[in-house]
Every structure is written in C-alpha cells, then in structure tokens.
Amino acid sequence: MITKIISGLLGVSIVLSSSSVLARSIFMGVTKDGAKLYALTGYPPNSEDDGLEGWTSFTYGIEDAKGYRKVEAYTSFCNGGKVLSQPVKGTNDPLKVPGWHSNTPSGSVSVIADSKASLDLLNAICAVVYQ
C-alpha cells in the first residue's frame, strides 16, 4: 500500500511505501567528490517522534570508493516542506548553510549540501517529511 507520493519533485518521483513493498533506491545524482547519493524509499524521514525539536532524521544511500552503504543522518534545515537557508531556530546546529550530520562508525560527520545531488536529496527529504 502506498502511503506517500511526491511527483515532479526535481524531476524525480519518490514513492514511500509500507513494509509489504520492497524498498527502492532512487538515484539523486553525483556529488562534487564523485559519490552517488540515493533516496531510500523504505526509510521515510521523521521529524515528529525523534525527540529533537527542529531536527529531521533520515536514512540515505551513498556509493563511493568505500562501496555502497546506508547512512543515518539528521538535519535542521527542513521546515514546511522546504530547505531553509539557515538552521531552524533553537537547534544550535553548527552548520550555517544547508546540509546534514551523518552518523558513521568513527563518529558524526557534517555534510554541506554543496552539489546538485546533495541539494536534491535534502529537498526530497524536506518535501517528503512534511507531506
């Protein structure tokens, strides 16, 4: 059963579905350093129950020289379905430009959305979470 559909977003359709449908990866593009980014339909973003006011948590796919992996991340740049130019007030986010923080085995890494692929991923996450 389909629970959310975003059509025409940046020329990409994102379909989030229930667990009865296999999750899909939607290619968002290539970053400046050559990594491929993917929106993952089986991991809908969350901004309501994560316990952190003003933050949106999400999972995305990345493929680079280290291989393919799913990455848990969070951003304070989503509000009302749009990407903000600055973090949501009160989040105390050290990033001052759109981006996110990724959880890695070696700790948290800050990612600036400075490529079309990373901005497209962030736009998709923000749009989906507010549907």
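About the cut-offs
- Throughout, a residue's number is its position along its own chain's written sequence, starting from 1.
- Predicted model: local features are reported for residues with pLDDT of at least 70 only, side-chain atom pairs are reported and counted for 80 or more only, and whole-chain, interface and lining totals are derived from all residues.
- Computation of side-chain values covers all heavy atoms of the structure but excludes hydrogens and water.
- To count as a disulfide, a pair of cysteine sulfur atoms needs to be within 2.5 Å.
- Per the convention used, a helix needs a DSSP run of H or I reaching at least four residues, while a strand needs a run of E reaching at least two, with both numbered from the N terminus.
- Only protein chains enter the accessibility calculation, which uses a 1.4 Å probe; a residue is then buried when its area is under 20% of its type maximum, exposed when over 50%, and partly exposed in between.
- Strand pairing follows a simple DSSP-based rule, namely that at least 2 bridges must link the two strands.
- Interaxial angle, 0 to 180 degrees, is taken between N-to-C directions of lines fitted to C-alpha atoms, where a helix line uses only the stretch in contact.
- Confidence scores labelled pLDDT are given residue by residue by the predictor and lie between 0 and 100.
- We call two residues contacting when some pair of their heavy atoms lies within 4.5 Å.

Peer 1: So what exactly am I meant to see when it comes to the state of the cysteines here?
Peer 2: The bond known as a disulfide is covalent and runs between the sulfur atoms of two cysteines. Across all of its chains, the model carries 1 disulfide by this definition. Two residues share a disulfide in this structure: Cys78 and Cys126, whose sulfurs sit 1.9 Å from each other. Because the sign of the S-S torsion sets the handedness, a value of about -80° for the bond joining Cys78 and Cys126 places this disulfide among the left-handed ones. Here the residue Cys78 occupies a position in strand β7 (residues 78-79), and Cys126 occupies one in helix α1 (residues 116-129), the gap between them amounting to 48 residues. Summarising the burial analysis for this pair, Cys78 and Cys126 share the class buried.

Peer 1: How should I be thinking about the sheet that holds strand β4 (residues 36-40) in this particular structure?
Peer 2: Sheet strands associate in pairs through backbone hydrogen bonding, adopting either a parallel or an antiparallel arrangement. Spatial strand order, β3-β4-β5-β6-β9-β10: 6 strands in an open sheet with antiparallel pairing. With one partner strand each, in any of the chains shown, β3 (25-30) and β10 (107-112) form the two edges of the open sheet. Between one strand axis and the next, the sheet turns by 35° as a mean value, whatever way the strands run. Note that strand β9 (residues 99-104) and β10 share 6 bridges and pair antiparallel.

Peer 1: Please explain the pairing of β3 as it appears in this structure.
Peer 2: Here β3 pairs with β4 via 5 bridges, running antiparallel. When the bridges of β4 are listed, Phe27 appears paired with Tyr38. The antiparallel pairing of β3 with β4 creates a hairpin that spans 5 residues between the two strands, and Gly34 there sits at a positive phi of about 90°.

Peer 1: Sorry, what's going on with the confidence of the model for the protein chain here?
Peer 2: Keep in mind that low pLDDT regions are not for reading the predicted coordinates in detail. Per-residue pLDDT for the protein chain has a mean of 83; in total, 79% of the residues score no lower than 70. When pLDDT is averaged over each element of the protein chain, β4 comes out on top at 96 and strand β1 (residues 2-9) at the bottom at 38. Confidence drops under a pLDDT of 50 for residues 1-21, and excluding neighbours within four residues, the segment shows 45 contacts in the predicted structure.

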